[in-house]
Amino acid sequence: LLPSLRIAETEQLESLPATLLHSLLEDPSATSFSKLNWPGGSYREGPSFKRMEYDAMEAPEVVVALLGHGGMISKFCHLEASPQNNEVLEKLFIIETPTAGSTIMRELTGRCPTLMTAPQPELHHLSRADVDSCRVGFDVRQFLDLAKEGQCKASQ
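Criteria and cut-off values
- The numbers attached to residues start from 1 for each chain and follow its sequence in the written order.
- Totals for whole chains, interfaces and linings use every residue, but because this is a predicted model, local features are given only for residues with pLDDT of at least 70 and side-chain atom pairs only at 80 or more, for both listing and counting.
- Here the side-chain values reflect all heavy atoms present in the structure, with hydrogen atoms and water set aside.
- We call a pair of cysteine sulfur atoms a disulfide whenever their separation is within 2.5 Å.
- Helix and strand labels come from DSSP, where a helix needs a run of H or I of at least four residues and a strand needs a run of E of at least two; each type is numbered from the N terminus.
- Exposure categories follow from relative accessible area, calculated using a 1.4 Å probe and restricted to protein chains: below 20% of the type maximum is buried, above 50% is exposed, and the middle band is partly exposed.
- In this analysis, strands are considered paired if DSSP registers two or more bridges between them.
- Geometry is summarised by axes, namely lines fitted to C-alpha atoms with helices restricted to the contacting stretch, and by angles between N-to-C directions that run from 0 to 180 degrees.

Asks: Just checking my understanding: could you explain the state of the cysteines for this structure?
Replies: Linking two cysteines covalently through their sulfur atoms gives a disulfide. Across all of its chains, the model carries one disulfide by this definition. The disulfide that involves Cys 77 links it to Cys 112, with 2.3 Å between the sulfurs. Judged by the sign of its S-S torsion, about -80°, the bond between Cys 77 and Cys 112 is left-handed. With a gap of 35 residues between them, Cys 77 in the loop between helix H3 (70–76) and strand E3 (88–89) and Cys 112 in the loop between strand E5 (102–107) and strand E6 (114–116) connect regions that are remote in the sequence. Of the two residues, Cys 77 and Cys 112, neither departs from the other in class, the shared state being buried.

Asks: How should the sheet that holds strand E1 (residues 35–38) be read in this particular structure?
Replies: Adjacent strands of a sheet pair through backbone hydrogen bonds, lying either parallel or antiparallel. Taken in spatial order, the four strands of this open sheet run E1-E2-E5-E4, and their pairing is mixed. Among the strands making up the open sheet, the edge pair consists of E1 and strand E4 (93–96). Direction aside, neighbouring strands of the sheet carry axes that sit 10° apart on average. Judged from the four bridges that link them, E1 and strand E2 (residues 41–45) form a sheet pairing that is antiparallel. Among the inter-strand pairings, Trp 38 is bridged to a residue of E2, identified as Gly 41.

This is how it looks when you write it as structure tokens:
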């Protein structure tokens, strides 16, 4: 499965049954995601942790990148406002498997730290080449006061 996590490729782990997964996706309000049980397996949320605990661990780390809508990110990262477009935030989890088929997922307490902010575009510095591919649905260039090719608007 994942050699870095020292899980043998031959070990058979019971996964979430497809019928349960489909019902969760179709109507997430019908079932709590905090605790799930199925034949041969279980999942539950564990207690949150502080960054110091995470940094002190000597365990393999798996990095997963996910994209989402700003409203969803602000909800799950405990933010007051939506992050900027292309902003990168970090959400840390500790996954424990105390017995075969049993999974406990713990989440870093508090807000997701920002790893990288997106540069703020300066529209007066855009040229046609910057937005040339923005034509699906309508040609966005006709709504912008763009500089000529190879020039900044500020230098015209």
